[in-house]
Amino acid sequence: GVCGAPREILTVPPDQRQLPLSPGWFMMRMDFGQRDIPPKMLLANDLPPSRVEIHPLYISVDPYMAFHIRNAPAYTTPQSYSVVEVVRCSDICPFAAGTRLMGAFFWKEAQIWAFADLPRMSPSGKHLLLPKELPANVDPSHYVGVLGMPGWTAYAGLFRIGRVKCPGETVVVSAAAGVTGAMVGQMAKILGCRVIGTAGTDDKVRHVKEVLGFDDALNYRTHGSAEAMRLA
Ligand SMILES: NC(=O)c1ccc[n+]([C@@H]2O[C@H](COP(=O)([O-])OP(=O)(O)OC[C@H]3O[C@@H](n4cnc5c(N)ncnc54)[C@H](OP(=O)(O)O)[C@@H]3O)[C@@H](O)[C@H]2O)c1
């Protein structure tokens, strides 16, 4: 669908401006009309020096993107954590063709990046993490899930911010059926904590208890958070 007026991407590497050639699923400029054109045909045959062509395999659709869809002030550029595959390089390539990388890339079927411009920083700009070459024996979709940003968020929230000690402590997780809450609860449970979750429907509550293995859960719409704390 079209979400508001077209808006230019604020941070577009020079290569992307020179070669706006492949179908792009930008948040505000969804060029769905071009999707039937094979990306290869749209790319220049000869890449400029020190460039790599990548194609996304998995793109993460995260809640923070709502800022971009609403055209509201955002703390990130409209990029998304993705698992991409290296297709080719222009000259001496730091990656073999077929290498899978993770990082914050654009919503584009085919992208050309200067080696030096490949996104290497976390969204806060503080951590030199990305891109990371992925081991061949791990399902690459995990890198937009448990081994990607949702997993890092859950881990950091629980152990670095919350400083939770498992076993021995009780963890109460709100939004427990969401991707982050589900991971927080499962991590705490695996390490032996008692885990209580809250969620917005009875189906989600069942999922939290029966599938995710929380010790208990309740529907915050019918019970409220205070009751979750009492339950804990
Ligand atoms: N995913 C990431 O990598 C990531 C990274 C950094 C920060 N975050 C932040 O972490 C939070 C959760 O993200 P997520 O990725 O887990 O999202 P998600 O999978 O979409 O889950 C969000 C959950 O929030 C719950 N929710 C909505 N309104 C609520 C309310 N008023 N009170 C309590 N719960 C409510 C919904 O469940 P109910 O129907 O049960 O209410 C929904 O399942 C967001 O604030 C997000 O910005 C996520």
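The preceding data block contains the structure.
Please read all numbers here as calculations on a predicted model, not as lab measurements.

Asks: Would you explain the overall build of the protein in this entry?
Replies: Per the secondary structure count, the protein includes seven helices and eight strands. Within the span of the protein, comprising 232 residues, buried residues form 42% of the whole. Carbon and sulfur atoms provide 57% of the accessible area of the protein, an area that totals close to 12,600 Å².

Asks: Which parts of the structure should I look at to understand the site of the ligand?
Replies: Contacts to the ligand come from Pro63, Met149, Pro150, Thr153, Ala175, Gly178, Val179, Thr180, Ala199, Gly200, Lys204 and Tyr220. Between an oxygen atom of the ligand and a main-chain N or O atom of Pro150, the distance comes to 3.1 Å. Here Tyr220 contributes a side-chain N or O atom positioned 2.4 Å from an oxygen atom of the ligand. Elements supplying a minimum of two residues to the shell around the ligand: α4 (149–161) and α5 (179–190). Sorting elements by how many residues they give to the shell around the ligand places α4 first, with three residues. Looking at the shell around the ligand residue by residue, the class counts come to seven nonpolar, four polar and one charged.

Asks: Looking at this structure, I do not really get the packing of α4 against α5. What am I missing?
Replies: Working note: a packed helix pair is described by the angle between its axes plus the distance between those axes. Contact pair α4 / α5: the axes reach a minimum separation of 9 Å and the direction vectors enclose 55°. As the angle between them shows, α4 and α5 are arranged oblique. The way α4 lies across α5 gives a crossing that is right-handed. Each of Pro150, Gly151, Thr153, Ala154, Tyr155, Leu158 and Phe159 in α4 lies in contact with α5, whose residues at this interface are Val179, Thr180, Met183, Val184, Met187 and Ala188. Of the residues assigned to the contact of α4 with α5, the class counts are 10 nonpolar, three polar and no charged.

Asks: Would you mind showing me how to read α4 here?
Replies: What sets the pattern is the α-helix's 3.6 residues per turn: residues three or four places apart point alike. Taking 1.5 Å as the rise per residue, α4 with 13 residues should run 18 Å; its terminal C-alpha atoms sit only 16 Å apart, a clear shortfall. Turning to α4, its buried residues are Met149, Pro150, Gly151, Ala154 and Leu158. On the buried face of α4, the contacting elements are β2 (80–89), β6 (170–173) and α5. In the stretch just after α4, Arg163 is the one whose phi turns positive, near 50°.

Asks: Where do I start with unusual backbone geometry in this structure?
Replies: Across the chain, the bulk of peptide bonds are trans and the bulk of non-glycine residues have phi less than zero. For the bond running from Cys166 to Pro167, omega is -5°, close enough to zero to count as cis. Counting through the fold element by element, Pro167 comes out in the loop between α4 and β6.

Asks: Can you walk me through the packing of aromatic side chains in this structure?
Replies: Two measures describe an aromatic ring pair: the distance that separates the ring centres and the angle between the ring planes. All told, the structure shown has three aromatic pairs when counted by the stated rule. When the centroid spacing of 5.7 Å and the interplanar angle of 90° are considered together, the rings of Tyr81 and Trp152 count as edge-to-face. With a gap of 71 residues between them, Tyr81 in strand β2 and Trp152 in helix α4 connect regions that are remote in the sequence. Note on Tyr81: relative accessible area 3%, which makes it buried. Here Trp152 falls in the partly exposed class, since its relative accessible area comes to 31%. Taken together, a centroid distance of 5.1 Å and an interplanar angle of 55° make the contact between Tyr155 and Phe159 tilted. Note that Tyr155 and Phe159 are positioned in helix α4 at a spacing of four residues, about one turn of the helix. Among the residues examined, Phe159 registers a relative accessible area of 21% and is labelled partly exposed.

Procedures and definitions
- Residues numbered from 1 in each chain as written.
- Predicted model: local features only at pLDDT ≥ 70, side-chain atom pairs only at ≥ 80, totals over all residues.
- Heavy atoms only, no water.
- Helix = DSSP H or I, 4+ residues; strand = E, 2+ residues; numbered from the N terminus.
- Buried < 20%, exposed > 50% of the residue type's maximum accessible area, 1.4 Å probe, protein only.
- Areas by Shrake-Rupley, 256 points an atom, 1.4 Å probe, with all protein chains shown as cover.
- Near = heavy atom within 4 Å.
- Polar contact = N/O pair within 3.5 Å; in protein donor to acceptor, adjacent residues only side chain to side chain.
- Nonpolar A, V, L, I, M, F, W, Y, C, P; charged D, E, K, R; others polar.
- Axes fitted to C-alpha atoms, helices over the stretch in contact; angles between N-to-C directions.
- Parallel < 35°, antiparallel > 145°, perpendicular 65-115°, else oblique.
- Left-handed = near helix turned anticlockwise from the far one by under 90°.
- Contact = heavy atoms within 4.5 Å.
- Expected span 1.5 Å × (residues − 1).
- Phe/Tyr/Trp six-rings, centres within 6.5 Å; stacked < 30°, edge-to-face > 60°.

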